[in-house]
Amino acid sequence: MAKSLQDKVIIVTGAGRGIGREIALLCAAEGAKVVVNDPGGAADGAGTSAAPAEEVVEEIKKRGGTAVANFESVAEAIPASKIVKTATDHFGRLDGVVNNAGILRDMIFHKMSVEAFDAVIKVHLMGSFYVSHAAARIYREQESGSFVHFTSTSGLIGNYGQANYAAAKLGIVGLSKSIALDMGRFNVRSNCVSPFAWTRMIGTIPTETDAEKARVEKIKQMGPEKIAPVCAYLLSDAAKDVTGQIFGVRMNEIFLFGQHRPVRSVHRGEGWTPETIAEHGMPALKGSFAKLDRSADVFTWDPI
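Report follows, based on the coordinates. (Residues numbered from 1 in each chain as written. Predicted model: local features only at pLDDT ≥ 70, side-chain atom pairs only at ≥ 80, totals over all residues. Heavy atoms only, no water.)

**Side note on the pattern of salt bridges**
Next up, step 1: According to the stated counting rule, one finds 13 salt bridges in the structure shown.
Next up, step 2: Here D118 ties to K122 by a salt bridge, and the two come within 3.5 Å at their closest N and O atoms. Linking D118 with K122, this pair stays in helix α4 (residues 114-142), spanning 4 residues, or about one helical turn.
Next up, step 3: Connected through salt bridges with shared partners, the residues E59, K62 and R63 form a single ionic network. (Salt bridge = Lys/Arg side-chain N within 4 Å of Asp/Glu carboxyl O. Helix = DSSP H or I, 4+ residues; strand = E, 2+ residues; numbered from the N terminus.)

Next up, the structure:
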C-alpha cells in the first residue's frame, strides 16, 4: 500500500519536541523527507540547543526514514528563509510546510511587557509568514504545495493572560485564509489546525487552584501524537480540495471551526445617530452579542 506522503519534502518548524516532533515522525513514516527545524530554546524562547532536532532526526533514521536537522529561528526573515533553503539544498524541492514553532510569555494584559508581546508575535505570526513567504515562491513555480499553520482556541475563542498569544494565533487564521485565496490558482492549499494536547508549552499553565489542577490533569490525557494524523492528511494529495479551513483536534475528536460571518443586522431608513444607535440599534443587536467565553467554557465535555 502506497504511503500518503511518499517522496514529498516536508518542513516542520518547532519539531524537536511535542506536537512538532510527532508530526515529523509521522510524516517520515508516511514516506516524506523531513526538515526537522528547532533552535532548541526553552518554552519562553530563551537559549538554544541542537539536541532536540538532532534527536528527532536520529529517531527518524533509526525507523528507516529520511530527515535533516535545521536550527534556525523562524522569528527573523533571513534565518527563516534558510529553513526553506535547507529543504531545497538537501532534497531538491518542497511540498509541505507545517508552521508549528511557538513560545509562550503569558501575563495578564495590564502587566504584559512590550517585549513579551513582541516576542510571541515574532515567533508565531511573523514566523509563520516568513517561512510561508519563502516557500511560496517555490510553490508558485512548481504550481503545487501545502501549508499547515497552527492556531489556538486562545485566539478563536479566548483565554486569560494570553493577549500576545491570542493576537498571534488569530492573525495566523487571517494569514492562512489570504494564502488560500491568493495561491489557490497555483494549486497551493493553506489550512489551520487548533490542537488540544499536553506539551511543555501547556505545562506553563498555572496550577494554583483545585479547578486549575483538574483542568491540567484532563489536558494531560491528550497526547501530542493525536494531532499528527490530521496534519499528515492535510499535507497529502488526498486533501487536494481542502483549503482555507480551520480544524481542531482533541484526543479522538476532529472539529471544523466556523469562521466570521455576519450574524444579525439592523436598518434605519433615515440613517443613524449616536442617540438612535443607543436607543434602537444596539438593543436590537444585543441579543446576538458574542459572550466573553474562554476555551474551557465552550469545550465543557471531557476529551474522548
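**Considerations on the packing of helix α1 (residues 18-29) against helix α8 (residues 228-235)**
When two helices pack together, their arrangement is captured by the angle between the axes and the distance separating the axes.
Next up, step 1: As a packed pair, α1 and α8 sit with axes 9 Å apart at the nearest point and diverge in direction by 50°. For the element pair α1 / α8, the angle class is oblique. The crossing of α1 and α8 is right-handed. Each of E22, I23, L26 and C27 in α1 lies in contact with α8, whose residues at this interface are A228, P229, C231, A232 and L235.
Next up, step 2: For the contact of α1 with α8, the class distribution of residues is 8 nonpolar, no polar and 1 charged. (Axes fitted to C-alpha atoms, helices over the stretch in contact; angles between N-to-C directions. Parallel < 35°, antiparallel > 145°, perpendicular 65-115°, else oblique. Left-handed = near helix turned anticlockwise from the far one by under 90°. Contact = heavy atoms within 4.5 Å. Nonpolar A, V, L, I, M, F, W, Y, C, P; charged D, E, K, R; others polar.)

**Re the packing of aromatic side chains**
Next up, step 1: By the definition in use, this model includes 8 aromatic pairs.
Next up, step 2: Three or more aromatic residues joined by ring pairs form one cluster here, namely F196, F255, F257, F299 and W301.
Next up, step 3: Between the NZ or CZ atom of R250 and the centre of the ring of F196, over which it lies, the distance is 5.9 Å.
Next up, step 4: A cation over an aromatic ring shows up here: R268 above the ring of W272, its NZ or CZ 5.9 Å from the ring centre. (Phe/Tyr/Trp six-rings, centres within 6.5 Å; stacked < 30°, edge-to-face > 60°. Lys NZ or Arg CZ within 6 Å of the ring centre and 35° of its normal.)

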